[in-house]
Amino acid sequence: MSMTLDVVIKDILYKVLKDADAETLERISKIAQLQPKTLDSIRKYLGDELETFYEQFLKLEEEGDEE
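For clarity, every value in this text was computed on a predicted model and none was experimentally measured.

**Some details on the overall build of the protein**
Inference 1: Along its length, the protein carries 3 helices and 0 strands.
Inference 2: Across the protein, helices and strands are ordered from the amino to the carboxyl terminus as α-α-α.
Inference 3: For the protein, whose C-alpha radius of gyration is 15 Å, the value lies well above the compact-globule estimate of 11 Å for 67 residues.
Inference 4: Projected onto its principal axes, the C-alpha positions of the protein cover 50 × 20 × 15 Å.
Inference 5: Per-residue burial over the protein gives 16% buried out of 67 residues.
Inference 6: Of the contacts formed within the protein by residues at least 6 apart in sequence, a portion of 68% connects residues at least 24 apart.
Inference 7: Just so you have it, the protein exposes about 5400 Å², and 55% of that area is on carbon and sulfur atoms.
Inference 8: Each charge class in the protein can be summarised by its mean position, and for the 9 positive and 17 negative side chains these summaries are 11 Å apart.

**Some remarks on the pattern of salt bridges**
Inference 1: The full count for this structure, using the stated rule, is 7 salt bridges.
Inference 2: Measuring nitrogen to oxygen at the nearest pair gives 3.0 Å for the salt bridge that ties Lys15 to Asp11. Residue Lys15 and its partner Asp11 are both found in helix α1 (residues 5-19); the two are separated by 4 residues, about one turn of the helix.
Inference 3: Of the charged contacts in the structure, one is a salt bridge between Asp19 and Lys18, with a shortest N-O distance of 4.0 Å.
Inference 4: For Asp19, a relative accessible area of 60% puts it in the exposed group.
Inference 5: Its relative accessible area of 42% is what places Lys18 among the partly exposed residues.

**As for the packing of aromatic side chains**
Inference 1: With the rule as written, the count across this model stands at 2 aromatic pairs.
Inference 2: Pairing Phe53 with Tyr54 gives two aromatic rings, centres 5.5 Å apart and planes at 70 degrees, and the pair type is edge-to-face.
Inference 3: Classification of Tyr54 as partly exposed rests on a relative accessible area of 27%.
Inference 4: Centre to centre, the rings of Phe53 and Phe57 are 5.9 Å apart; their planes meet at 25 degrees, and the pair counts as stacked. Placement of both Phe53 and Phe57 in helix α3 (residues 36-66) is noted, with a separation of 4 residues, approximately one turn of the helix. The same class applies to Phe53 and to Phe57, which are both buried.
Inference 5: Counting every residue linked through ring pairs, the aromatic cluster contains Phe53, Tyr54 and Phe57.

The rules behind the values
Residues numbered from 1 in each chain as written. Predicted model: local features only at pLDDT ≥ 70, side-chain atom pairs only at ≥ 80, totals over all residues. Heavy atoms only, no water. Helix = DSSP H or I, 4+ residues; strand = E, 2+ residues; numbered from the N terminus. Rg over C-alpha atoms; globule rule 2.2 N^0.38 Å. Buried < 20%, exposed > 50% of the residue type's maximum accessible area, 1.4 Å probe, protein only. Contact = heavy atoms within 4.5 Å. Areas by Shrake-Rupley, 256 points an atom, 1.4 Å probe, with all protein chains shown as cover. Lys, Arg positive; Asp, Glu negative; His and termini not counted. Charge placed at Lys NZ, Arg CZ, Asp CG, Glu CD. Salt bridge = Lys/Arg side-chain N within 4 Å of Asp/Glu carboxyl O. Phe/Tyr/Trp six-rings, centres within 6.5 Å; stacked < 30°, edge-to-face > 60°.

In structure tokens, the structure reads:
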């Protein structure tokens, strides 16, 4: 399993949304034409999805090290 482009993009987007201040989130929501609540939902979804991916990634790496 390797880091694919979609995982990298999701990781970047998640980090931007996670660390953004209120003003930045408001600007993003206007540009993307999304409600701030929707951005929060996207951030949560990406965080959960990335956490699952990284857990699987680390598990596969550990199994590879054991062989």
